[in-house]
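Structure assessment
Here's the letter readout for the chains.
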Amino acid sequence: MTMTGRLFVISGPSGAGKSTIIKALRERIGNLAYSISHTTRKPRQDESDGVHYHFMDKETFEKMIVRDEFVEWARVYDDLYGTSFSSLDRQLASGVDILMDIDGQGAGNIREHYEDSVLIFILPPSLEVLERRLKERGTDSADIIRKRMAKAQKEIAQCTWYDYIIVNEDLAAAINEAHAVMLSDRCRVFRRMGAVRRRFPDVFP
Ligand code: 5GP
């Protein structure tokens, strides 16, 4: 299969601002699809099936694991999350770039299967700010926030092997940086040569 699209993976601890940044990128950048993960987590109030996630029960998810249908999957807190080969390959083959929101473990698996993926890590300005944001968000219990903070420290340690790091201190600046990373990747010579050949057939017969 000829893969013409590119995978952009965005990771970062819960509360770092990933969802807001991803939403802004999707509004600004064309030809960009969002990879929709499968999860056993219950939908939150503003979430719908097939849009934010493919919500499913544990039994169905486990059957997909046994059939090797996931590029990557992970247990996050008490739920399972995963990305299927079929949905990714179908989207990439159609030529669109895909934006993915996955954790460090998942990002490692993506890099293994799709070598030329672009990995971007979103950092909060500090652990203190992260904790404050999680509390202000008001969607998680104190117990979940404690778990998220413990996990955040482990996740932050992984930022070193990503391709790009964005510190989300000022949201507008963070969005601009993520935007710049994605646009510059699209200008890479090997991504542009198809269009260049079409424009200059005399130069590149
Ligand atoms: P949430 O429940 O807040 O939507 O997501 C919890 C965590 O699961 C986030 O850190 C998110 O990045 C991660 N996650 C979401 N989808 C996937 C996926 O398909 N694979 C993996 N490995 N992690 C995911």
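For the structure itself, look to the data block above.
Residues numbered from 1 in each chain as written. Predicted model: local features only at pLDDT ≥ 70, side-chain atom pairs only at ≥ 80, totals over all residues. Heavy atoms only, no water.

**Some words on the overall build of the protein chain**
On a plain count of helices and strands, the protein chain comes out with eight helices and nine strands. Radius of gyration (C-alpha) of the protein chain: 18 Å, near the 17 Å computed for a compact globule of 205 residues. For the protein chain, with 205 residues in total, the buried portion stands at 44%. Counted over contacts in the protein chain with a minimum sequence separation of 6, partners at least 24 positions apart contribute 68%. Summing over all exposed atoms, the protein chain offers an accessible surface of approximately 11500 Å²; the carbon and sulfur share of this is 51%. Taken as two groups, the 30 positive and 31 negative side-chain charges of the protein chain have centres that lie 2 Å from each other. (Helix = DSSP H or I, 4+ residues; strand = E, 2+ residues; numbered from the N terminus. Rg over C-alpha atoms; globule rule 2.2 N^0.38 Å. Buried < 20%, exposed > 50% of the residue type's maximum accessible area, 1.4 Å probe, protein only. Contact = heavy atoms within 4.5 Å. Areas by Shrake-Rupley, 256 points an atom, 1.4 Å probe, with all protein chains shown as cover. Lys, Arg positive; Asp, Glu negative; His and termini not counted. Charge placed at Lys NZ, Arg CZ, Asp CG, Glu CD.)

**Some words on the site of the ligand**
Around the ligand, 16 residues are found, and the nearest of them are S37, R41, Y53, E72 and Y81. Here R41 contributes a side-chain N or O atom positioned 2.6 Å from an oxygen atom of the ligand. One of the side-chain N or O atoms of D101 is found 3.0 Å from an oxygen atom in the ligand. Protein chains shield 94% of the accessible area of the ligand, which is 510 Å² for the free molecule. Counting residues per element, the ones that place at least two in the shell around the ligand are β5 (70-76) and β6 (79-84). Class assignment for the residues of the shell around the ligand results in five nonpolar, four polar and seven charged. (Near = heavy atom within 4 Å. Polar contact = N/O pair within 3.5 Å; in protein donor to acceptor, adjacent residues only side chain to side chain. Nonpolar A, V, L, I, M, F, W, Y, C, P; charged D, E, K, R; others polar.)

**As for the sheet that holds strand β3 (residues 38-39)**
Strands sit in the order β4-β3-β6-β5 across an open sheet of four strands; the sheet is mixed. Only two strands of the sheet have a single partner each, and these edge strands are β4 (54-55) and β5. Against the sheet, helix α3 (residues 85-93) touches β5 and β6, its axis set at about 35° to β6. (Pairing = 2+ DSSP bridges. Axes fitted to C-alpha atoms, helices over the stretch in contact; angles between N-to-C directions.)

**Observations concerning the pattern of salt bridges**
A full pass over the atoms with the stated rule returns 20 salt bridges. E62 is the partner of K58 in a salt bridge, and the nearest nitrogen-oxygen pair spans 3.9 Å. One end of the pair is K58 and the other is E62, both in helix α2 (residues 58-66) and four residues apart, which spans about a single turn. Given a relative accessible area of 35%, E62 falls into the partly exposed group. Close ionic contact of R132 with E136 constitutes a salt bridge, the shortest N to O distance being 3.9 Å. On the criterion of helical spacing, the pair formed by R132 and E136 is a turn pair, its members being four residues apart in helix α5 (residues 127-137). Like E136, R132 is exposed. Salt bridges here are not isolated pairs; linked through shared partners, they connect R6, D97, D116, D185, R186, R188 and R191. (Salt bridge = Lys/Arg side-chain N within 4 Å of Asp/Glu carboxyl O.)

**Observations concerning the side chain of D185**
Structurally, D185 can be placed in helix α7 (residues 171-186). Using a relative accessible area of 3% as the deciding quantity, one classes D185 as buried. Filtering out sequence-adjacent residues up to four positions away, D185 remains in contact with R6, F8, V118 and R191.

What is shown is where atoms sit, not what they do.
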